[in-house]
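# Geometric and topological summary
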Amino acid sequence: MPETRMLYRRVDEPGLASIETYRRRGGYRSLTRTVKEIEPEELLTTLQDSGLRGRGGAGFSMGKKASFLPRGDTDKFLCCNADESEPGAFKDRELMQKNPHQLIEGVAIAAIAAGAGWAFIFIRGEYAEVADILEGAVAEAYGAGFLGADILGSGQRVELVVHRGAGAYICGEETALLDSLEGKRGNPRLKPPFPAIQGLYGGPTLINNVETLSNVPHIVANGADWFKGFGTEQSPGTKVVSVSGCVQRPGNYEIELGIPSRELIYGLAGGPPEGREVKAWFPGGSSAPVLTAAELDLPYSFEALADAGSMLGSGSIIVADDQVSIPALALRTARFYHHESCGKCTPCREGTNWTVKMLERVLSREATPMDLDIIASVQDNIIGHCLCVLGDSMAMPVSSMVKKFRPEFEEYIRRVASDSPGLGSDGAAGLHALTGTSSLAPASGPHA
Amino acid sequence: MSAEERRRLIEAMRPEDAEPVPQLHQVDVPDELRERIEAAMAKYPQVRSAALPALWAVQRHYGWCTPEGMREAAAVMGVTPAYLESLATFYDLFRTSPVARHQVLVCHNISCWLRGADDLIGALCEAAGIDAHEADHGGANSPDGEVFVKGFECMGACDLAPMASIDERYYGPLDTDDARAAVEQLRAGSEVLPGKALAERPAAGGPEPDPDPRVKEVESGDA
Amino acid sequence: MPDPPRITLLVDGVEVEAPHGAMLVDAAKHGDVEIPVFCYEPKLGHPVGACRMCVVEIEGIPKLQTACSTPVRDGMVVYTQTERVKEAQSAVVEFLLVNHPLDCPVCDKGGECPLQDVAMGWGPGRSRSVDPKRHFQKPIPLSPLIKIDRERCILCYRCVRFSQEVAEDEQLQLLERGSSTFVGTFDNRPYIAPFHGNIIELCPVGALTSDAYRFRARPWDIEDAGTVCTLCPSQCNIKLTVRDERIERVLARDNVDVDDGWLCDKGRFGYQMAESGQRITEPLIRAGGELRPAGWAEALEAAAAGLREAGERTAAIVGGSSSNEDGYLAQRIVRKALGSPHVESRPSGGPGVESRRTGGRGPAGFLRQGLVELSAPRLAASVSDLDRAESILVLGTDPLHSMPILDLRIRKAVRLRGARLAVATDRPSVLDGGAEETARYAPGFVGGFVSALAAELGAAGYERARGELGADAERIAGALKPGSTVIVWAGPDARGLVGCARALRLEEDGAGLIEVPEGANGRGLREVGCLPVAGPGLSDVEQGLDASGIRDALEAGSLEAALLVNADPIRDFAGGPAWGEALGKAKLVLAVSMFEDASTRQADVVFPAESYAEKEGTVTHPDGRLQRLRPGTPHPGGVRPMWEVLAELGALLGEETGVESAPDALAAIASEVPFYAGISHEEIGGTGIRWQERAAARYWPRVDDVGARDEVPGREVEPAGRTAPEPGDTGGRAEDVDGVIRVGTYRDLWAAEVTDRSPALRFLAPRQALELAPRDAARLGLGSGHEVEVRSNGTSVRARVSIHERVKPGSGFLIEGLGDRAASLRGELVEISKAGEPE
């Protein structure tokens, strides 16, 4: 099954990142219509009718979210979440890098729909070259009158600032993003109040992901019904899926939701290297509980993955093949969340820390099967008990690995009697644990 | 710390050693740094939103977030240096200790690790003369002060795995030969890894596959 | 403000009534259900829900909720004891103990540790963690007063929230991230800020401990004694931790109407003054040039003899730490037994009540009337009104130095409610940063500014000022909301203030004036009669001399005896050393003092003074709240209650007071002060009562006390002295003439005896500094740290230059209360010359 390219249309056309090419391709017509012809209420209705769901992970209706903002004169804000940091996700980077004006146009239209005079694109600091591209494009848009105090002479005002983060996964959490944008440590806030009521600088704030907002010009141009012609009834439109790990053609693929997962992993991304099989895969970034080879035929949709006990999340698939040690994978996963925990709430701060220590003991063969029980129980003590979802994001995949691959963990620990050295608490050489070999795959990729 | 050392430390503490908001006349802030920070402050509805841009400016000016640089930024912004240090130590991209001329951040997260990130770090460190364990756990400078290598969390480029960010530009996929070449090129000041840069990479699906007839061109007219 | 409606919720099956909107954790207490917390502390502002200890089950919500951040609604059904809740809470305790050392036996917090208590009550009882805990160097000094043990820290963030969101000093921060997070300061500097001691009390574990209290006592060794701190006008409510009759610690005793449960470091560590080995503990009589110990009978007789001889040529100076009872009895002796009208309690005179000497041009009767008008209940704001007012004007004072706890209260109003703050002062204030408008007038020109402000507010009889003064007054006026403003003010000159108050409709609820007096009990002393212009209850009396008048009269010999009650005028009063000369000429100086000081050196008889920790009596808060001082420790040596000593002295002089106990003394006061009528210790109770809220206040002031309602005070009195704005005056701007600096003075928080007498605080003792604007410093060729001589009219003060950006060019500021003559330079144009290079 081929891709369905809406956001990715002509993605590699030379000069697409420039305003000339973008406009030649019809860009900014939706914004022009928005300021000249469409009432904000009508715009909101169109966005709601389109059924567009947030592409950042939670999958909430974008139009509905925008409609939650109180009407009236208070200062309102729009924040575009471009802090894409979930391991396995890289779609927003490519969308911004290759087609920045598509996003800027979407931001401007959404800001007008929400009545927000200020908009921010919070882009992770690591994406410095992409931020440079965006800033150039924003300057072009200001120059052409698509942004600023009086867009195209309509009296509509949208100021857009590209704000660079500085390296913290947690800032992708929407309230941590707001704190960070206010110049604080990126700590998530208690909800309620929700950002739509009390967000940036205490004002009503609409927060949307890059991909979500990139859809907006297309919906305005072609209408809600046209948009609903793609994808599924519950989730219309296309979805850009990042596929990485043990596949032959890692990359972003724009699809309609509902196609078989196998099609994505094998068909588009080429599947694992010759002679290897899929052992485990994260269907929605590293915070999704892992699925096994037996679950490859699940439709790739919010609903089917949720039914299978996992989630679609940001739409990022990471594939681990049959050569990969699951305990080592669990440690890599846990380490990431431990490193990224902001430290604000107890279960996440201490739970990720303790989990890493226990997994390190598993990897260095200083653990017992009872420790596996403790690991599992600690994950249960984290899930649902934290201030935000970061703790759960470690606990769910780690818990799923311990549950689904428990024999492998046990077998690993049992080898304590043998003189096998294990992987060391570091797990640094942890890729091919099962084979017992310490030789590493060629750096160009073990399965290429 | 012995009781005696503690006593001496306490006796040496004077009220003027505390760090409230520094006044501008107490710091010697370079004009260019001050201008950058003030420009950032003007960009936002509230001044504190300029804190990260200010730290970026300090880091670009001094190479890292030096205590003196943070005091200068604090004076310009009218905040305490402690507030800026709290931010600088929270965010991974800010360095709060001296750093070599070129910065190489190597992803050691899942997708890159599955494709040989550990080897990549090892090769980079070997070429630069850095302890790989140290580099992977917080970062380390090469003895010649040219290269800083740090194992980093996912940088959102799993399609390039294994990848590295070299002086804020992405490169990948990289093998051990690339690692050695990159260190040499950085030392020599020549172009880094031609052909491996993210900017030059097309979308994974290749050029437009058979367009889905259902997807209208968004644009009309001159398309 | 109306109380919120009460609602009913069900907690563990029991109906609980609570105010609507209360947080569940507080509401549950109404049903005797305790929900454990660590990070929750309502004093710190909005809940953060970080520790996750307080999770409970609420019907209709699938996830467990934090009780600290969930407002209760009518009909809410809550479970705090289900298996789910217990498991989650037990898990949090387990998580916290993964890294918390089990060193309770050697931890200062042991026995009074919330973590210990919660671990016992809600924890799993055993640990499953075998991994190493995190390590830090410990304990290390965070400041000279506080030690930090980062291993014990459970990252509840209370201390850093205090620094960011209460004190707003922002010196204490979280560094690093996640499980590596720790509490620290910039570049490992010490955390030195005036309220920082509060973090010791906030810490729910033994991570932040008081250096002075470390290893001094266990909870079972100590007793708590509640009283009031009289080291400054804040009059914070405190608990003394007493072990073996010694004070070992001072803790806050929450009183939301006074202090919000905070203390400044002076109040927290100043108890050491009371425990000082240097105290005078017996009466002393001068013989052969030396003070020698004497018995009480002998000393009282010697004092009485001297006073009898001086008779109406006696003056009394009553110091700010005196109780109402001390002040009342002292003025009664002087007025009734000796027939002298000279009673004073204000170090720099004022406010706005020029006595015969300095204000000879105005009708003396009016001066008292002005005071009565300013004290009228309808214009009085309470401390809690700061929590309601839409705007706040800070006028002529910097609360951080003059009444520290108000600084926190004002910050709270701005931060939590967005109250509009305006600051009008001569010297830059630490509140400037949060102010919507600030105005700087030239040192000493507060009267001119207030008159200009009154005009801008539309008060009748005031003319709008021209130039910058007018513009500043207009800006300040624009920030003030009529009917909802509290003015926190201090100063020697209150002309125009009543006009401002009327124009701003400060008689409305939640609005009004709070005057910061110079002494801790300045208001009480004024109300019990320690003023030269008014007797008890601000009654009409024969006019006496004010402080400087008394000093001059002693110097000239027209006054012969001085009674100094808890007062050291050489240190604390304008003129400073000039008082030494004046007292030296007196035939009798009777000093009541805790320590030998510059003034006791001139004394012929010395009575040992009580510390506030030993005192029984009452004080009156600047907002009119009568509060009780209760003895926490016994009197050392031969120290006796001062009310008793003064009653005896009065009797020896023929004034029978009938006072045989502290309550008797209060009753005597109440019989003379109409608005205290009938008040008793019982009525005052543990948290005090504002006299304005008592029935007796309804009949005060009487119309003949204040005169006709439409009287405009500002027009009645001719401006006196140098603070007058002259016609065409640019309005008290600092002169912009080369080489001319006009000096203002302020009383630094730490320029106080308690700083010198408390070992823990001694490092904070300030050195004289001349604050200058950068431009003036450059013009004078001065840099920070330069030693200079500041001179005018033969008075000279040595100071170190300190450059401040927000000092108005043309102004300079010196510190009062350091024992030099700085206060004499107040308002003067000075010459400045270099006396040395920076150190």
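Right above here is the structure, for reference.
In this report, the structure presented in the accompanying data block is examined. Computed from a predicted model, the values in this text were never measured in an experiment.

This paragraph deals with the overall build of chain C. The helix and strand tally for chain C stands at 26 helices and 36 strands. A compact globule built from 839 residues should have a C-alpha radius of gyration of about 28 Å, and chain C, at 28 Å, falls within 12% of that. Seen through its C-alpha atoms, chain C measures out along the principal axes to roughly 85 × 65 × 60 Å. Residue burial in chain C is summarised as follows: out of 839 residues, 64% are buried.

Per the counting criterion, the structure on display carries 24 aromatic pairs over all chains. Seen from their ring centres, Phe-162 of chain C and Trp-262 of chain C are 5.0 Å apart, and the 55° between their planes marks the pair as tilted. Residue Phe-162 of chain C is located in helix H4 (residues 158–166), and its partner Trp-262 of chain C is located in the loop between strand S13 (246–252) and helix H6 (265–269); the two are separated by 100 residues in the primary sequence. Here the aromatic cluster, defined as three or more aromatic residues joined through ring pairs, consists of Trp-56, Phe-90, Tyr-91 and Phe-94 of chain B. The aromatic ring of Trp-262 of chain C is capped on one face by Lys-43 of chain C, whose charged end is 4.4 Å from the ring centroid.

Before going further, it helps to examine the nonpolar core. Grouped together as the largest cluster of nonpolar side chains are 200 residues, with contacts concentrated most on Phe-120, Leu-264 and Phe-409 of chain A together with Leu-84 of chain B. Top contributing element to this core by residue count: helix H6 (residues 100–114) of chain A, with 10 residues. Beyond its immediate sequence surroundings of up to four residues, Phe-409 of chain A is in contact with Ile-326, Pro-327, Ala-330, Leu-359, Val-362, Leu-372, Met-401 and Val-402 of chain A. By size, the runner-up hydrophobic cluster in this structure holds 135 residues, among which are Cys-51, Cys-236, Leu-525 and Trp-750 of chain C.

Here we take up the side chain of Asp-159 of chain B. When you line up the elements, Asp-159 of chain B lands in the loop between strand S3 (147–152) and strand S4 (164–166). For Asp-159 of chain B, the side chain forms a polar contact with the side chain of Arg-93 of chain A, separated by 2.8 Å. When residues no more than four places from it in sequence are discounted, the contact partners of Asp-159 of chain B are Phe-90, Arg-93, Glu-94, Pro-250 and Gly-251 of chain A together with Arg-201 of chain B.

Our next topic: the sheet that holds strand S1 (residues 77–82) of chain A. All names here are of chain A. Across the sheet, 4 strands lie side by side as S3-S2-S1-S4; this open sheet has parallel pairing. Edge positions in the sheet fall to strand S3 (159–164) and strand S4 (205–209), since each has one partner strand and no second. Neighbouring strand axes in the sheet, compared pairwise and without regard to direction, differ in orientation by 20° on average. Two elements, S1 and strand S2 (residues 118–123), share 6 bridges in a ladder whose sense is parallel. Each residue of the ladder has a partner; that of Phe-77, found in S2, is Trp-118. Running at roughly 95° to S4, helix H9 (residues 210–222) makes contact with S1 and S4 of the sheet.

Taken as a whole and judged by the stated rule, the model has 122 salt bridges over all chains. Linking Glu-211 of chain A and Lys-239 of chain A is a salt bridge whose minimum nitrogen-to-oxygen distance equals 2.7 Å. Placement of Glu-211 of chain A in helix H9 and of Lys-239 of chain A in strand S5 (residues 238–245) is noted, with a sequence separation of 28 residues between them. Across the pair, Lys-239 of chain A and Glu-211 of chain A agree in class, each one buried. When the shortest N-O distance is used, the salt bridge between Arg-346 of chain C and Glu-344 of chain C registers 2.9 Å.

Moving on: the environment of Ser-180 of chain C. Residue and element names in this part refer to chain C. With respect to the helices and strands, Ser-180 occurs in the loop between strand S8 (173–175) and strand S9 (182–184). The partly exposed category is assigned to Ser-180, whose relative accessible area is 42%. Sequence separation of Ser-180 and Arg-134 is 46 residues, and the distance between their C-alpha atoms is 8.7 Å. Excluding residues that lie within four positions of it along the chain, Ser-180 makes contacts with Arg-134 and Leu-175.

Cut-offs applied
Residues numbered from 1 in each chain as written. Chains lettered and ligands numbered in written order. Predicted model: local features only at pLDDT ≥ 70, side-chain atom pairs only at ≥ 80, totals over all residues. Heavy atoms only, no water. Helix = DSSP H or I, 4+ residues; strand = E, 2+ residues; numbered from the N terminus. Rg over C-alpha atoms; globule rule 2.2 N^0.38 Å. Buried < 20%, exposed > 50% of the residue type's maximum accessible area, 1.4 Å probe, protein only. Phe/Tyr/Trp six-rings, centres within 6.5 Å; stacked < 30°, edge-to-face > 60°. Lys NZ or Arg CZ within 6 Å of the ring centre and 35° of its normal. Core = buried A, V, L, I, M, F, W, Y, C linked by side-chain atoms within 4.5 Å. Contact = heavy atoms within 4.5 Å. Polar contact = N/O pair within 3.5 Å; in protein donor to acceptor, adjacent residues only side chain to side chain. Pairing = 2+ DSSP bridges. Axes fitted to C-alpha atoms, helices over the stretch in contact; angles between N-to-C directions. Salt bridge = Lys/Arg side-chain N within 4 Å of Asp/Glu carboxyl O.

Geometric descriptors of this kind do not, in isolation, establish any biological role.
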